[in-house]
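# Structural overview
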Amino acid sequence: MKTQEQEIIDEAYEALKYIIDPEVGINIVDLGLVYKVKLNEEEEKLKVELTLTTPGCPMSGTITTAARQMLDKRFPNLEIDIELVWLPQWTPEMISEEGMRLLGNT
Amino acid sequence: MSAATVSNSPSKWLVLPHYAFAAVSFVVLCLLLVFSVDAFGGHYFHPKLLTLTHVAALGWATMIIFGSLYQLLPVVLEVRLYSDRLGMLAFALLSTGTILLSVSFWNFWVGETMHIAACLLFTSFLLFGYNVVQTARQVKKWGVEADFIVTSVVWLVATGFVGLLMALNFQYAFLPKEHLHYLQLHAHLGMAGWFLLLIVGVGSKLIPMFLLSHPENTKGLHLAYYLINGGLVLFAADHLFLQTGYNAIYAALVVAGIGGFLHFVYQAKTFAKRLDIDLGMKQTFVALALLLLPVVLVFVVTLQLDIPQRLMSALYLVYGLSMFFGFVSALILGQTFKTLPFIVWMHSYEDHVGRFKTPLPKDLYSVALLRWQNVAYLVGLIALLAGVLLAEQLVILLGAVLLSVAAVLYASNVFKVLLHKVKDLKPFAYENAGAGNHR
């Protein structure tokens, strides 16, 4: 049985799936851009670490803002902390199986 | 983990006017082609052909490269553009200079108007070059892409300088050799130094990015950089000072460099995770295939083969056309719809993502128009090249008309994207975001 913490984390991942990488056309979770979602229950804080396919990507502001807005709406009682990180560097190997399927790789 | 910075994108008012001007230029270029069919029967030094070449090289290709580079430089070099204002000034000078130069060539006015045009264009190149170099100076992680981009700008300035001298030489005749001698230098510095190097530099970053591929081995790119530049430097030095006639050797160096780049692209394609390639990328691969034509023809025109004069003149024309109407145009026709919709989308929807259901960049243009554009372009290009080679004016005209159709379809699609308006967006129904283990 899932703990409440795990349920919130899973819900956060599902909410982040609404954000589609506009160039690739698949969501940022299956694209492997969301590295970590962590809940600090004491501080009522949800921390997300995400990256971009390339450091120069012009979408950095858009995706972080979108993630924040999405999670703010989904979890109005939690403080949302979005951090854009570059390490480890994203590689196509981080795409999930579902992402690969969406990209036409069966 | 190292934290990242915010977006480096420049203002859309810097980038988008370049796309609009280039689209109009491409339509004008193809319409001028329709009215220049008679000019393809002889030598390439013809007012109408010079007009076509400069509308293609400046109003169409350089214009869109300037605009897209302002957007792409921060992506490729991972820093902010040095100055939006310098970019806007360069746009004003490039657009005015292109119009004046084209009118001058069409009417063969070799006096003041052409001199002013050449000065405006050269100043525009200097400003652009300064902006690129100052941007590149901020780069923390210098890569081979930066080498290609910065060096291409140096060649652009050199091309512009030779062009300026030639414009003045029309009236004052101060250059020691005949005009055609410098025209060959001017053309090749522009084609291989500016267009080719820039395309290789930007392409080596964007093609893997669009294919979701990470080719580790960049040896081919480094080799390409030295071979292309080596070939160009030797060609320019020989052309100016020695005239040994070893042009085929210098061409071979450049061609070997192109081979290094194509090998890199092949690797990127092999490792690609994205298999459903869209029309924009398909057109990019068509452009790379079309590059083989000038690559072969450069040897035909430099090896001084025993070919009848009429056929040789036609081959020279096909060589130039295959570069501008072939490789460069095909690439732009495809890459426009990889970059422009994204730029417009980003400026239109960046505040709405995460709150509303937004369209994707690919929803901003018509796929049907793009498909027909690509078909009309390819058939038109084949007809144009065949017509020039066979000296058949009707076939040239057919090619010109089909290319005009492609240009109109292209411009319609470009303006459809440029004039895109955000309409009634629906908010997300968050309650539908069900729980589930994604991993």
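Provided above is the structure to which this section pertains.
Report follows, based on the coordinates. Once a new chain begins, its residue numbering starts again from 1 and follows that chain's sequence as written. Written order determines the labels here, with chains lettered from A and ligands numbered from 1. Predicted model: local features are reported for residues with pLDDT of at least 70 only, side-chain atom pairs are reported and counted for 80 or more only, and whole-chain, interface and lining totals are derived from all residues. Think of the side-chain values as coming from all heavy atoms in the structure, minus any hydrogens and water.

## Here we look at the overall build of chain A
Just so we agree on the cut-off: Put simply, DSSP marks the helices as runs of H or I at least four residues long and the strands as runs of E at least two long, and each gets a number from the N terminus on. Burial status follows relative accessibility: with a 1.4 Å probe on protein chains alone, a residue under 20% of its type maximum counts as buried, one over 50% as exposed, and anything between as partly exposed. Contacts: residue pairs with any heavy atoms within 4.5 Å of one another.
Of regular secondary structure, chain A possesses 3 helices and 3 strands. Summarising its shape, the C-alpha atoms of chain A cover approximately 40 × 35 × 25 Å along the three principal directions. Taken across its 106 residues, chain A has 57% of its residues classed as buried. Taking all contacts inside chain A whose residues are at least 6 apart in sequence as the whole, residues at least 24 apart take part in 56%.

## A few points about the nonpolar core
For the record, the criterion: Residues belong to one nonpolar core when they are buried, are Ala, Val, Leu, Ile, Met, Phe, Trp, Tyr or Cys, and are joined through side-chain atoms within 4.5 Å.
Counting 202 residues, the largest nonpolar core has Leu 46 and Leu 71 of chain A together with Phe 327 and Tyr 410 of chain B as the members making the most contacts within it. Looking at this core element by element, the count peaks at 23 residues for helix H11 (residues 309-349) of chain B. In this structure, Leu 46 of chain A is in contact with Ile 8, Ala 12, Val 37, Lys 38, Leu 39, Leu 71, Phe 75, Leu 78, Glu 79, Ile 80 and Asp 81 of chain A, ignoring residues within four places of it in sequence.

## Focus on the pattern of salt bridges
Here is the rule: For salt bridges, the criterion is a side-chain nitrogen of Lys or Arg within 4 Å of an Asp or Glu carboxyl oxygen.
For the structure shown, the criterion picks out 11 salt bridges over all chains. Measuring nitrogen to oxygen at the nearest pair gives 3.5 Å for the salt bridge that ties Lys 273 of chain B to Glu 93 of chain A. Of this pair, Lys 273 of chain B sits in the loop between helix H8 (247-270) and helix H9 (279-290) while Glu 93 of chain A sits in the loop between strand E3 (79-84) and helix H3 (97-102), placing the two residues on different chains. With a shortest N-O distance of 3.7 Å, Glu 78 of chain B and Lys 205 of chain B are connected by a salt bridge. Taken together, the residues span a long stretch of sequence, with Glu 78 of chain B in the loop between helix H2 (47-77) and helix H3 (84-107) and Lys 205 of chain B in helix H6 (residues 179-211) at a distance of 127 residues.

## Topic: the packing of helix H10 (residues 292-302) of chain B against H11 of chain B
Two measures define how a pair of helices packs: the angle their axes make with one another and the distance between the axes. All names here are of chain B. Our working definition: Angles here are taken between N-to-C directions and fall from 0 to 180 degrees, while the axes themselves are lines fitted to C-alpha atoms, restricted in helices to the stretch in contact. Working rule for angles: under 35 degrees goes down as roughly parallel, over 145 as roughly antiparallel, 65 to 115 as roughly perpendicular, anything else as oblique. It is the rotation of the near helix from the far one that decides the hand of a crossing: anticlockwise by less than a right angle makes it left-handed, clockwise makes it right-handed. Lys, Arg, Asp and Glu make up the charged group, whereas Ala, Val, Leu, Ile, Met, Phe, Trp, Tyr, Cys and Pro make up the nonpolar group; the residues left over, Gly among them, are polar.
Viewed as axis vectors pointing N to C, H10 and H11 meet at an angle of 150°, and their least axial separation amounts to 9 Å. Overall, the two elements H10 and H11 adopt an arrangement that is roughly antiparallel. The chirality of how H10 crosses H11 is left-handed. Here Leu 293, Pro 294, Leu 297, Val 298, Val 300 and Val 301 of H10 come into contact with H11, specifically with Met 312, Leu 315, Tyr 316, Val 318, Tyr 319, Ser 322 and Met 323. Grouping the constituent residues of the contact of H10 with H11 by class yields 12 nonpolar, 1 polar and no charged.

## Considerations on the environment of Leu 33 of chain B
Residue and element names in this part refer to chain B. On the secondary structure map, Leu 33 appears in helix H1 (residues 12-34). Here Leu 33 falls in the buried class, since its relative accessible area comes to 0%. With 189 residues separating them along the chain, Leu 33 and His 222 place their C-alpha atoms 38 Å apart. Setting aside residues no more than four positions away along its own chain, Leu 33 makes contact with Phe 40, Leu 52, Phe 325, Leu 384, Ala 400 and Leu 403.

## Considerations on unusual backbone geometry
With an omega of -5°, the peptide bond running from Leu 87 of chain A to Pro 88 of chain A counts as cis. By the secondary structure assignment, Pro 88 of chain A is in the loop between E3 and H3. A positive phi angle, near 50°, is found at Glu 44 of chain A, a position not held by glycine. Judged by its relative accessible area of 47%, Glu 44 of chain A is partly exposed. One non-glycine residue, Leu 212 of chain B, adopts positive backbone phi at about 55°. Tracing the backbone through its elements, the reader meets Leu 212 of chain B in the loop between H6 and helix H7 (219-242).

## Details of a negative patch on the surface
Cut-off, in case you're wondering: What goes into a patch is any residue over 30% in relative accessible area without a salt bridge, connected to like charges within 9 Å or, for nonpolar side chains (Val, Leu, Ile, Met, Phe, Trp, Tyr), within 5 Å. For the accessible areas, the method is Shrake-Rupley and the probe is 1.4 Å, while residue cover comes only from the protein chains on display. For the purpose of charge, His is not counted, nor are the chain termini; Lys and Arg are scored as positive and Asp and Glu as negative. Note on charges: their place is set at NZ of Lys, CZ of Arg, CG of Asp or CD of Glu.
A cluster of acidic residues, Glu 5, Glu 41, Glu 42, Glu 43 and Glu 79 of chain A, forms a negative patch on the protein surface. Along the chain, the position of Glu 42 of chain A falls in the loop between strand E1 (34-40) and strand E2 (45-50).

## Comments concerning a nonpolar patch on the surface
Together, Leu 394, Leu 397, Val 401 and Val 405 of chain B make up a nonpolar patch on the protein surface, roughly 330 Å² of accessible area in all. Tracing the backbone shows Val 405 of chain B in helix H13 (residues 393-418).

## Notes on the packing of aromatic side chains
Residues and elements named next belong to chain B. Here is the rule we go by: We call Phe, Tyr and Trp rings a pair once their centres come within 6.5 Å, taking the six-membered ring for Trp, and we label the pair stacked below 30 degrees between planes, edge-to-face above 60, and tilted otherwise.
On inspection of all chains with the given rule, the structure shows 20 aromatic pairs over all chains. Relative to Tyr 410, the ring of Phe 26 lies with its centre 5.9 Å away and its plane at 85°, an arrangement referred to as edge-to-face. A residue pair is termed long-range when its members are at least 10 positions apart, and Phe 26 in helix H1 and Tyr 410 in helix H13 qualify at 384 residues. Aromatic side chains Phe 342 and Trp 345 sit 6.5 Å apart centroid to centroid with 25° between the ring planes, which places their arrangement in the stacked category.

## Overview of the sheet that holds E3 of chain A
All names here are of chain A. How we decide: Two strands pair if DSSP finds at least two bridges between them.
Taken together, the 3 strands give an open sheet; going across it, the order is E1-E2-E3, and neighbouring strands pair in mixed fashion. Looking along the sheet, the strands with just one partner apiece sit at the ends: E1 and E3. For this sheet the average axis-to-axis angle between neighbouring strands, irrespective of direction, equals 15°. Note that E2 and E3 share 6 bridges and pair parallel. Along E3, the bridge assignment pairs Val 48 with Ile 82. Docked against the sheet, helix H1 (residues 4-16) engages E1 and E2, running at close to 140° with respect to E1. On the sheet, helix H2 (residues 60-74) packs against E2 and E3 and is oriented at approximately 160° with respect to E3.

## Examining the interface of chain B and chain A
We apply this condition: For the purposes of these results, a polar contact is taken to be a pair of N or O atoms within 3.5 Å, where, inside protein, one atom must be able to donate a hydrogen and its partner to accept one; residues adjacent in sequence count only when each atom of the pair is a side-chain atom.
Contact with chain B, which involves 44 residues of that partner, is made by 50 residues of chain A. Our enumeration of links across chain B and chain A arrives at 3 salt bridges. Its salt-bridge partner being Lys 338 of chain B, residue Glu 23 of chain A comes within 2.9 Å of it at the nearest N-O pair. Linking chain B with chain A are 3 residue pairs in polar contact (both at pLDDT 80 or more), by the criterion used here.

## Some thoughts on the packing of H1 of chain B against H2 of chain B
All names here are of chain B. With their axes 8 Å apart at the nearest point, H1 and H2 run at an angle of 160° to one another. Between H1 and H2, the angle is such that the two are roughly antiparallel. The handedness of the crossing between H1 and H2 is left-handed. Here the contact of H1 with H2 is built from residues that sort into 17 nonpolar, 7 polar and no charged.

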